[in-house]
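# Close look at the chain arrangement
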Amino acid sequence: MLLSDEFDEQGSKLPFDRTLIFPYAFRHAYAQRHADAGVPVDVLKELMDHRSIVTTMSYYQVPLKRQREAITTIRKHTTDRSGRPAPFTSTTGYEAQSVAVPFGNCREPSNVKACAIRFQCAGCGFYHPDPSYLPAIEEHVNDLRADRETAKAMDADDFVVRNLADQITAFTNVADTMRDRLGNLPQDEREEIEEASAVPRKVRATRDHKLLPLTVIRKETLDAC
Ligand code: SF4
């Protein structure tokens with residue numbers, strides 16, 4: 001039997017009201033789950049086959065108050081480039097001193113549009129990620145691994161492969177250290193951080209597709225060379 005989240009007087013779950021189930025609810029839930037997971041808005045637009053991105057954007061709206069509450073939680077778990085704690089002392093400080101780059105916050109806003117070291121953030125003193133970036137860091141590590149294999153297949157010089165390997169090590173170290181620290185927290189605190197992290201991820205998903213140039217080399221690009 002399909003059960004709801006409501007309870008009867010004996011403390012047993014009540015049956016789910018089946019009149020609330022209709023085809024559009026599945027479509028809506030599908031879109032909302034993807035938006036909450038931080039799927040980029042242009043990707044979700046394609047998945048939903050929306051004619052206008054404005055329709056898709058409605059799934060990403062997060063009230064400002066909710067955004068600030070989330071930042072109040074995650075700012076305390078910001079780290080430096082090695083994964084060592086480097087918390088912001090206030091929510092306003094986090095908002096004012098950090099600019100979102102693909103895998104974390106950059107504390108040097110003037111560098112973000114034309115980063116002198118080409119977004120190799122894990123080797124940069126301005127890099128300050130927080131737990132909301134963990135999936136993006138892990139995805140980036142996977143991209144870098146793929147790039148390293150492509151570079152080897154291209155017979156690229158050792159310094160190219162070494163650079164990619166060093167970035168993989170550095171980003172992996174940040175993610176592992178952050179995960180270990182989160183893993184040592186009480187479960188309720190971990191859940192609070194995970195819930196809060198979903199908020200900025202969702203907000204970023206509406207703009208990451210036009211955020212910054214990345215240095216990832218795609219196989220299709222190489223094939224076309
Ligand atoms: S490498 Fe990343 S953190 Fe450092 S200046 Fe560039 S964008 Fe900012």
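Residues numbered from 1 in each chain as written. Predicted model: local features only at pLDDT ≥ 70, side-chain atom pairs only at ≥ 80, totals over all residues. Heavy atoms only, no water.

## Details of the environment of threonine 91
Structurally, the position occupied by threonine 91 is in helix α5 (residues 91–97). Through-space distance from the C-alpha of threonine 91 to that of lysine 76 is 9.1 Å; in sequence the pair is 15 residues apart. Here threonine 91 is in contact with Arg68, Ile71, Thr72 and Arg75, once residues within four sequence places are set aside. There is a polar contact of 2.9 Å between the side chain of threonine 91 and the side chain of threonine 72. (Helix = DSSP H or I, 4+ residues; strand = E, 2+ residues; numbered from the N terminus. Contact = heavy atoms within 4.5 Å. Polar contact = N/O pair within 3.5 Å; in protein donor to acceptor, adjacent residues only side chain to side chain.)

## As for the packing of aromatic side chains
One pass over the structure, following the stated rule, counts 3 aromatic pairs. The interplanar angle of 65 degrees and the centroid separation of 5.2 Å between the aromatic rings of phenylalanine 88 and tyrosine 94 together place this pair among those described as edge-to-face. Classification of phenylalanine 88 by relative accessible area gives buried; the value is 5%. With a centroid separation of 6.0 Å and an interplanar angle of 80 degrees, the aromatic rings of tyrosine 127 and phenylalanine 171 are classed as edge-to-face. In this pair, tyrosine 127 sits in strand β5 (residues 127–128) while phenylalanine 171 sits in helix α7 (residues 158–183), placing the two residues 44 residues apart along the sequence. Accessibility expressed as a relative area gives 2% for tyrosine 127, which makes it buried. Joined through ring pairs, the aromatic side chains of Phe103, Tyr127 and Phe171 make up one cluster. (Phe/Tyr/Trp six-rings, centres within 6.5 Å; stacked < 30°, edge-to-face > 60°. Buried < 20%, exposed > 50% of the residue type's maximum accessible area, 1.4 Å probe, protein only.)

## Quick word on helix α1 (residues 23–36)
The first and last C-alpha atoms of α1 sit 20 Å apart over 14 residues, in line with the 20 Å expected at 1.5 Å per residue. Just past α1, the residue glycine 38 takes up positive phi, approximately 85 degrees. (Expected span 1.5 Å × (residues − 1).)

## A closer look at the pattern of salt bridges
A complete count under the given rule lists 9 salt bridges for this structure. Glutamate 46 is paired through a salt bridge with lysine 45; the nearest N and O atoms lie 4.0 Å apart. Overall, the relative accessible area of 59% leaves glutamate 46 in the exposed class. Notably, a salt bridge pairs aspartate 80 with arginine 84, separated by 3.2 Å at the nearest N-O pair. Aspartate 80 gets classed as buried once you look at its relative accessible area, which sits at 16%. Through salt bridges with shared partners, a single ionic network connects Arg148, Glu149 and Lys152. (Salt bridge = Lys/Arg side-chain N within 4 Å of Asp/Glu carboxyl O.)

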